[in-house]
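What the coordinates show
Spelled out from the first residue to the last, the chains are:
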Amino acid sequence: MMVNVTARNVTYTSECDSSSDEESGSTEFDSDSPNTDDKVNPLDIITALFLCSDGFLQQEMALKMSLCQFSVPLLLPNCDTNQCTLMLWAMRDIVKKYRPQSLSESKGFIEDRIVLSELPMISFVRLGECSLSKSEILNKLLSSSQQYHDTFVHHNMECGDSPRRISNGLTEITWYLPCGNTNIDIFSQPVAVANLRGDIASFQTQYSFLCQTSAAIFVFFDHLGSESKFSLLTNQHHKAQIFLVGNYYSKRFIEDALKKVANKLGLTNNKIIIIRKKQKNEADFVKSLRKRVRDVVENSTIKMSIEQMADIAHELGILVDEDSPECQTAKKNAEAITAEIQDILKYKEDHLPRQGEIWKELTCLEKEEYQLRKVGSRNIEDYKSQLQLQKKELRKRQNSYDMSTAMKCFINAISSPGTERFYFLKWMRMNLDNMSRIKLSELREKYKEKSKNSENKEKIKEIDRQISNSSLGTEHFFREMGQIYEASLSLPQTDPARQQLQHLPKLCAELLLDGFPLELVDGDASNIPLRWVSDVLSQLSDLVSPNRKILVVTVLGVQSTGKSTLLNTMFGVQFAVSSGRCTRGAFMLLIKINEDMKKVLNCDFMLIIDTEGLKSPEVAQLDNSLENNDIELATLVVGLSDVTIVNIAMKNSTEMKDILQIVVHAFLRMKEVGKKPKCVFVHQNVSDVSAHEMNSRDRKLLLEQLNEMTQAAAKMEKKEENKSFTDVMEYSPDTGNWYIPGLWNGNPPMAPVNAGYSEAVYELKKHIIQLLGNCESSAYDVMEFKEWVTSLWTAVKHENFIFSFKNSLVADAYMRLCTEFNKWEWEFRKKMYTWVTNAETRISNFGTIAAKSESSDMGEFLTCLKSEASTVLSTLEKEFLDNLTQYFKQPEGHVYLVEGYKEEFSNSAKSLRREMERSVFIQLMMAAEIKQGMTEIDKIKENHKKEIEKAVHVLIDKYRKKKAQMSDEELDKEFDKMWNETLDKLSFSEQKTTNVFTSTFHCLRINLSHRGSHACELLSYKSLQDCGKEPFKYTPERLYNKFKFRFSKWFNIDDHIMAVQKLADSIINDCTQFVRQKVKREKNYSDTYIQEILYLIDEKLQNNQDVKTDIEFEVSLKQHICGLAAREFQKMHEDFVQANDPYRCLMKNKEKFRDDFKMCFINETSVRRRQKNSPTDV
């Protein structure tokens, strides 16, 4: 439903218009107007529409009429039953903001649901015939001198003079709300204004109602002569003050009759009788009328909300639209939940516990699973298993909570049939909005108070956090539902708790089908509950016929630029815009396409996605990763869209330009998006008719900048076939920019909706429908859309690096710096590796003739080497930092764009020095330990005979005393005891072997970390242990699909396959030779080997750019070579440790020592036995 200020204009077209004067050649003037009986009065149309609509459409119409500053029905007559209805429910959704004079100094404001606001009501009625147009005078009364507005339909409007057929007895209401400016405000306080259509003599019930609810009643009349009129005014039991408004010009005006009524009513004061006399023109008359109204508003004690009026309506037999059983049951169910809410923050913790910190922790773990930022040198599979265990533990914590009473009530209520659940959700939304609004108002006051003192920084920060978390809407209950469901899936399938929750996705799918928004992205956690959303979409697919096609429209823009209002106006949907808070995350809403439009759009449903405002300062204070979250959200929703509306405040597109560039860059880094989203820029609050023409240069410049960024991104990602922004997103500078005037025509709160806004949005809608009509090939069915959401969000979660940049030029400059930095780092590591290799040789030669000049003590020698290493490291660090300084002095390469990263890279260089120092010291100590250990072993080998003989003598003496013989087992036991004692005395222990595959994968992941989310995805598909076992074979399927149209122009596909395979074979051969050389040296493994291999591969690929390759080729080639190398290096490392570990060398001789021990024992025993048995020498 559009918001259109011209909606009440009724154009009368007679059937005889087809035969015009021109056709007949007549030159006569037709002085007679068409027969008024054939016309339809606008009030009859309004009455008929309200009578024919259900409560929800009535509510929507009342809201839109109120936005247009039209009066809305207060008492709706039904000519069939001769009863009227108080339209309380219809007005429930109207929320107004205003600033009374009392708050003008503090710049505060009041925001409230209008039916709950206690305001004085001024009623205007007519008694008998009246020559004054009451409604027109009312319009002038409420309009400022600068801008007249027809709040009420009146006689002089188009078709306003036609007879009313069904709208007599209609009582309309409007509100005058001040803005706090004395020069603009007509009344300093808010006031409700009611207008009864028809003679009060015919509608005494409505008149009685107004008498009991109004602060004052202005009775318009021409003649008060009849007894019935006299009694009607004097017999009413009313609290309202009566004002009589007459027209002196009327032929029927009788002054004596007026005096009689005035005396009877006690109206002796001339101020209470307003007569338009000859000396008063219309402006003076309205001015005096305003003065009386102002006096009443400022002095009245009678204030009543529309909700309170329902009791009076019941007493008078007036129906109330809220009294339907479904509405009352839903209200009761909603209040059972909301009545328990005292403290919103505590309520969310107690009743909605699964979506707080636990869900945020789960989000971090999910992203870490893909990005592996904290894996370090740990085994990748072990790390992932650890993350999985943590996730299971968090799900277990979620399942440990019992479902709160509030959630049980909520689920039961949305399970109720028919309109009852619609009423329930509406009641819930309104009640929760009311609470959030009150809480936010209190917190804003606190914030304002604390901000006066600069020492309250911590308190202000805490209030900021509370403001962010104090919103509570139905989305939080649905979010909890989603988390309850997702947590239940971790339970066994046979668990009753899981089975009882299987119906929840279907409930949400039904609501989605009925037009309710569903949260796609949780704005608080910046995550999609994928399983929940997937299962809801699966259920939606089951509810609609198979293969129903969906087209997607998304709006994207900076916070508070009117995105939700634009969608609501364009598509007649109901995204929240008046809840006192901005949209968080992203919500999707399904619109069923009618049969006529299906032929145009070639689809069955349109999915509208409303998103959180980007660059939100509120969220920026709470979350350091705001930029990442913004771009993740933007990348997701643009990727899902057929048409993306980029909403921009005024003419300035800079704020969105950077985000769009990163979105495009992300698309290039991720695997193909699958379709080309269409892009439409909407510039809001631009009313100048010359805007489109005057901004043509700006549009051209914007496209040039976007093209430059796209080329930079494409070059970085080696996808140079993308030459311009329009290769990735469909955009035309001429038809892709729309300029829309401001929403309000004047100063709110009394400004009506601008007619230009409505017309411009309507034209934009037609353009978008035209764009969608050309999207037939890209339309998804529901299940395809579900799969696309999953795969796209997975790609976004893999992505990390590129989301950290303002735009692609910055990313390109950063990549150039990274490339140089990596070269310097490689030189640093290579030089230190060479030094360490020499130092290890010197340690292994320690104590030999070749190293006579070295210190005689290993401890002193090690200290000298450490000191020498520190000196070398300091020299290399200085070179590194000098290179960095020189780099930032060069004029080329957009270096100035990454000036802010200089300190970060400087710290990285210093950190590298510290890391290398630790690593070098450990290697030196290990080499020294090996040398000392081998020396100890040599001593043990030299002395082992003496030690064994000594132990044997002790053993023989021990057993001779016992007069016992030793068995073979006892000898083994004694030897093992002696062996263990020997081991305990050693200064070294067994050296542990390194898992070369883990460290290789770590190096490979770092090498590919700047190559995008798809590279990270590809790495996770295959274990490194399985790579390099089979010969490498290039499979060009994906590249062929991507370039198949270009290949035919460039070269034969077979030639290309051969060229790529030849390149791969050449690189593999060079790397294999490198691995063989390293293995042949029989040295220990170092990470430098893998880093050198990756450096070699990158260099070869860089030097052969004429051969077109893609990221799949690069990743699979590197995996193949690294797998092969890691397997060889693992064996080399294990062989080295086996040969050089003193502990293992000693253990190799254990059995030899055991045999020597046993042989010595046997020999010694034999000798002693012979000595004992031989005769004694004489």
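Residues numbered from 1 in each chain as written. Predicted model: local features only at pLDDT ≥ 70, side-chain atom pairs only at ≥ 80, totals over all residues. Heavy atoms only, no water.

Moving on, we get to the confidence of the model for the protein chain. The predicted coordinates ought not to be read in detail in places where the model reports low pLDDT. Considering every residue of the protein chain, the mean pLDDT works out to 81; 82% of them sit at 70 or more. Here residues 620–624 scores under 50 on pLDDT; set against residues more than four positions off or in separate chains, the count is five contacts. Under a pLDDT of 50 for its full length, residues 1038–1051 has, in the predicted model, 22 contacts with residues more than four places off or in other chains. (pLDDT = per-residue confidence, 0-100. Contact = heavy atoms within 4.5 Å.)

On to unusual backbone geometry, then. Cis rather than trans, the peptide bond between P748 and P749 has omega equal to 10 degrees. As for its position among the elements, P749 is in the loop between β18 (737–740) and α28 (755–773). For N82, which is not a glycine, the phi torsion comes out positive at approximately 55 degrees. Relative to the assigned elements, N82 resides in the loop between β1 (72–78) and β2 (83–86). Taking relative accessible area as the criterion, N82 reaches 70% and is therefore assigned exposed. At K107, a position not held by glycine, the phi torsion is positive, near 60 degrees. Mapped onto the elements of the fold, K107 is located in the loop between β3 (95–98) and β4 (110–113). (Helix = DSSP H or I, 4+ residues; strand = E, 2+ residues; numbered from the N terminus. Buried < 20%, exposed > 50% of the residue type's maximum accessible area, 1.4 Å probe, protein only.)

Inspection of the secondary structure assignment puts K134 in helix α4 (residues 134–142). Among buried Asp, Glu, Lys and Arg side chains, K134 stands out as unpaired, with E172 the closest opposite charge at 7.1 Å. Within polar-contact distance, the side chain of K134 engages the side chain of N195 at 2.4 Å. Non-local contacts of K134, meaning those with residues more than four positions away in its chain, are made with F124, V125, R126, N195, L196 and F220. (Lys, Arg positive; Asp, Glu negative; His and termini not counted. Salt bridge = Lys/Arg side-chain N within 4 Å of Asp/Glu carboxyl O. Polar contact = N/O pair within 3.5 Å; in protein donor to acceptor, adjacent residues only side chain to side chain.)

Under the counting rule described, the total for this entry stands at 30 aromatic pairs. Centre to centre, the rings of F725 and Y731 are 6.1 Å apart; their planes meet at 75 degrees, and the pair counts as edge-to-face. In this pair, the class of F725 matches that of Y731, namely buried. Pairing Y1034 with F1113 gives two aromatic rings, centres 5.7 Å apart and planes at 90 degrees, and the pair type is edge-to-face. Of this pair, Y1034 sits in the loop between α35 (1013–1021) and α36 (1037–1050) while F1113 is found in helix α39 (residues 1111–1140), placing the two residues 79 residues apart along the sequence. Look at Y1034 and you get buried, because its relative accessible area is 8%. One aromatic cluster is present, built from ring pairs that chain together F821, W824, F828, F880, Y887, F888 and F905. One Lys or Arg, K866, reaches over the ring of F921 and ends 5.5 Å from the middle of that ring. (Phe/Tyr/Trp six-rings, centres within 6.5 Å; stacked < 30°, edge-to-face > 60°. Lys NZ or Arg CZ within 6 Å of the ring centre and 35° of its normal.)

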